[in-house]
Amino acid sequence: MSEKGKMKADIFRDTIMEKYPPKVLKKRKKQFIVREADPEQSIQANVRTVPGIITQRGCCYAGCKGVVLGPTRDIINITHGPIGCGFYSWLTRRNQTRPGDNGENYMTYCFSTDMQDQNIVFGGEKLLRQAVQEAYDIFHPKAIAIFSTCPVGLIGDDVHVIAREMKEQFGDCNVFAFSCEGYKGVSQSAGHHIANNQIFKHVVGTSEEGRTGRYKINLLGEYNIGGDAFVIEELLEKCGITLVSTYSGNSSIDQFASSHTADLNCIMCHRSINYVAGMMETKYGIPWIKVNFIGAEATAKSLRKIAAYFEEPELEKRVEEVIAEEIVGVEAVLEEIRPRTEGKTTMLFVGGSRAHHYQELFKELGMEVLAAGYEFGHRDDYEGRRVLPSIKVDADSRNIEELKVEQDTERYRPRKDESSREELEQQGLSFSSYEGLMPEMENGSFVVDDISHYEMERLILEYRPDVFCAGIKEKFCVQKMGVPMKQLHSYDYGGPYAGFAGAINWYREIDRMVGSKVWGLIGAPWEKNRTLHGRFVAT
Ligand code: CFM
Ligand code: HCA
């Protein structure tokens, strides 16, 4: 972006901020920044949302039950709480699966204890025991997981004792629980952390019967939204790389149980699953690298990175053959589409990793990212620094030092001994753990953490991007402003977008969206008739 563009961005940011009362302003201006060339530029993230601001965020229970555990087909997930928590989190995430040989798939069910007033007053433990027993009697699953909702924490039901006792009683069914009450932490990020800890503690390492192969990896942080994991599975297979487990798209509990038999952990969504990677590194010595299968170039780069890790010429050769084969189709489609998308603009506000990953796909289309940010990413996700894990694993036993829900990034400052990405590159060292959203963004673009609805409207009205990417809560507001909107969580019934095949789907989708004339017809009658004129947005 030009110097003039950067100046405009600075001024515009100040006009947005000046509407806030002083205390809110102080906080928001650390989270709403204009990108500078400074590699040390930092942002505030993973802090409590200002009350009254309309946030995109979800809760701890959503992060634990919905996000991390939701896509595993053969664990019965029981929501201990009022029925709404179960119902509104019931498979809304488009995480797909292929049931294994035994056809076991509980993902389409909604299990809840349906807590009532009397359970809140007299306790819900009896109800929970009953529900676990009933699930066991009807389905005889390999595993049952219990998820606490807000009231459970408030009344003090001991879900862990119940899980332990029922597991002992059944003998052939792993029962474990999550203290993932919705109010914990500042967002769904706390739920990821809790989910990681409990899977590690109760499942990882309990079976030695994993897939065999020469190059064995786990894919961490890939949730098979719209079939993404299917594409990646196929690609790895083609390259001769054995996938032991995916956390947790298209997964089963047995895959988690034997995931410690892999040689390497490849992390897609660092935010949601880095804790498992850290714990596996400490306990089993399995190293981890970051990968990104969103974008054709990113996919090629990730495959090469995996091959480079194994240092086997045979694998490197096979990977190059696969890339060469796949890239032909990608280039043909890009050649047709790119003249229509080149120079168009976008904004991305989503989750804790996609706002970064999807920038690759827009770059391939020649589109400019004007603004981006996460709902609940931490500073390491933005700045591309490595924050040391906050959990210690006892190498000799299965004990994890009790979880401290991570809220430390507000206080986090770059440590003196922490080498920058440039320094690492100079030393010829891998900087894969140092990738993040901000290093990829242009000088003068906006980086906004936990964007509020008001800020989103102001950005759209001022810059009118050709396509806006976020979630269902934003979708219709954005469309009513006459801007095409692509959901990056659910893909709006579309996808897959991962790998080479997915990139082609994406190019075609964005081409259709930015080329559509319908968005110019959205103006309401009162916008044409002065006497009916109302203010579009409170500024
Ligand atoms: Fe990771 Fe995700 Fe994301 Fe996430 Fe999510 Fe999701 Fe997301 Mo919705 S695990 S951080 S908590 S990539 S559910 S599959 S789309 S917000 S950007
Ligand atoms: C969640 C799940 C969500 C919500 C999507 C959205 C998802 O946060 O609980 O707001 O559109 O991807 O399904 O992120």
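What comes next concerns the included structure. (Residues numbered from 1 in each chain as written. Chains lettered and ligands numbered in written order. Predicted model: local features only at pLDDT ≥ 70, side-chain atom pairs only at ≥ 80, totals over all residues. Heavy atoms only, no water.)

**Details of the site of ligand 1**
Around ligand 1, the surrounding shell holds 14 residues, and the nearest of these are Arg93, His192, Cys269, Ser353 and His489. Within the shell around ligand 1, the residues separate by chemical class into six nonpolar, six polar and two charged. (Near = heavy atom within 4 Å. Nonpolar A, V, L, I, M, F, W, Y, C, P; charged D, E, K, R; others polar.)

**Some points on the site of ligand 2**
If you check the shell around ligand 2, you find Ala62, Arg93, Gln188, Gly471, Ile472, Lys473, Gln487 and His489 and nothing else. One of the backbone N or O atoms of isoleucine 472 is found 2.7 Å from an oxygen atom in ligand 2. Lysine 473 places a side-chain nitrogen or oxygen 3.0 Å from an oxygen atom of ligand 2. With the chains in place, 78% of the 360 Å² that ligand 2 exposes on its own is no longer accessible. Classifying every residue of the shell around ligand 2 gives two nonpolar, four polar and two charged. (Polar contact = N/O pair within 3.5 Å; in protein donor to acceptor, adjacent residues only side chain to side chain. Areas by Shrake-Rupley, 256 points an atom, 1.4 Å probe, with all protein chains shown as cover.)

**Let's talk about unusual backbone geometry**
Residue serine 248 is bonded to the preceding tyrosine 247 through a cis peptide linkage, with omega at 0 degrees. Assignment of secondary structure puts serine 248 in strand 7 (residues 242-248). Cis peptide bonds are those with omega within 30 degrees of zero, and the linkage from glycine 495 to proline 496 qualifies with -5 degrees. Here proline 496 is to be found in the loop between strand 14 (485-487) and helix 21 (499-515). Positive phi is not limited to glycine here, since asparagine 46 has a value of about 55 degrees. Mapped onto the secondary structure, asparagine 46 falls in the loop between strand 1 (32-34) and helix 3 (60-69). One non-glycine residue with positive phi stands out, namely aspartate 114, at about 55 degrees. Summarising the element assignment, aspartate 114 is placed in the loop between strand 3 (111-112) and helix 5 (117-122). Among the residues examined, aspartate 114 registers a relative accessible area of 34% and is labelled partly exposed. (Helix = DSSP H or I, 4+ residues; strand = E, 2+ residues; numbered from the N terminus. Buried < 20%, exposed > 50% of the residue type's maximum accessible area, 1.4 Å probe, protein only.)

**Some thoughts on the sheet that holds strand 3**
Spatially, four strands are ordered 3-2-4-5 in an open sheet, and the strand pairing comes out parallel. At either margin of the open sheet sits one strand with a lone partner, and together these are strand 3 and strand 5 (174-178). As defined by bridge partners, strand 2 (residues 75-80) adjoins strand 4 (residues 143-148) across six bridges and the pair is classed as parallel. Bridge pairing in strand 4 links isoleucine 76 to isoleucine 144. (Pairing = 2+ DSSP bridges.)

**Quick look at the nonpolar core**
Within the largest apolar cluster, 99 residues are counted, with the highest numbers of intra-cluster contacts made by Phe178, Ile306, Trp506 and Tyr507. If we skip the residues at most four places from it in the chain, isoleucine 306 touches Ile217, Leu236, Ile241, Leu264, Cys266, Ile289, Val291 and Phe293. Counting residues in each nonpolar core, the second largest holds 28 residues, with Met17, Phe32, Ile460 and Ala470 among its members. (Core = buried A, V, L, I, M, F, W, Y, C linked by side-chain atoms within 4.5 Å. Contact = heavy atoms within 4.5 Å.)

**Section: the pairing of strand 6 (residues 216-222)**
Working note: regular strand, side chains alternate between the two faces of the sheet. Counting buried positions along strand 6 yields seven of seven residues, so the element is predominantly enclosed. Following the backbone out of strand 6, through helix 10 (residues 228-239) and into the adjacent parallel strand 7, one traces a crossover that is right-handed. Bridging between strand 6 and strand 8 (residues 264-267) involves four bridges; their strand directions are parallel. If you follow isoleucine 217 over to strand 8, its bridge partner there is leucine 264. (Right-handed = clockwise from strand over helix to strand, strands pointing away.)

**Structural notes on the packing of helix 15 (residues 354-364) against helix 21**
Running from N to C, helix 15 and helix 21 point in directions that differ by 65 degrees, and their axes come no closer than 10 Å. One element, helix 15, and the other, helix 21, form an angle in the roughly perpendicular class. When the axes of helix 15 and helix 21 are compared, the crossing they make is right-handed. Residues Tyr358, Leu361, Phe362 and Glu364 of helix 15 form the contact with helix 21, whose participating residues are Ala503, Trp506, Tyr507 and Ile510. Looking at side-chain class alone, the contact of helix 15 with helix 21 contains seven nonpolar, no polar and one charged residues. (Axes fitted to C-alpha atoms, helices over the stretch in contact; angles between N-to-C directions. Parallel < 35°, antiparallel > 145°, perpendicular 65-115°, else oblique. Left-handed = near helix turned anticlockwise from the far one by under 90°.)

**Some remarks on the side chain of serine 148**
Here serine 148 is to be found in strand 4. Assessed through its relative accessible area of 0%, serine 148 is described here as buried.

**Structural notes on helix 20 (residues 472-480)**
Helical periodicity: at 3.6 residues per turn, an α-helix aligns residues three or four positions apart in one direction. Restricting attention to buried positions, one finds in helix 20 the residues Glu474, Lys475, Val478 and Gln479. When helix 20 is viewed along its axis, its buried side chains cluster within an angular range of 125 degrees and face the same direction. Facing away from the buried side of helix 20 by more than 90 degrees, the exposed set consists of Lys473 and Lys480. Along its buried surface, helix 20 packs onto helix 19 (453-463), strand 13 (467-470) and strand 14. (Arc of directions from axis to C-beta.)

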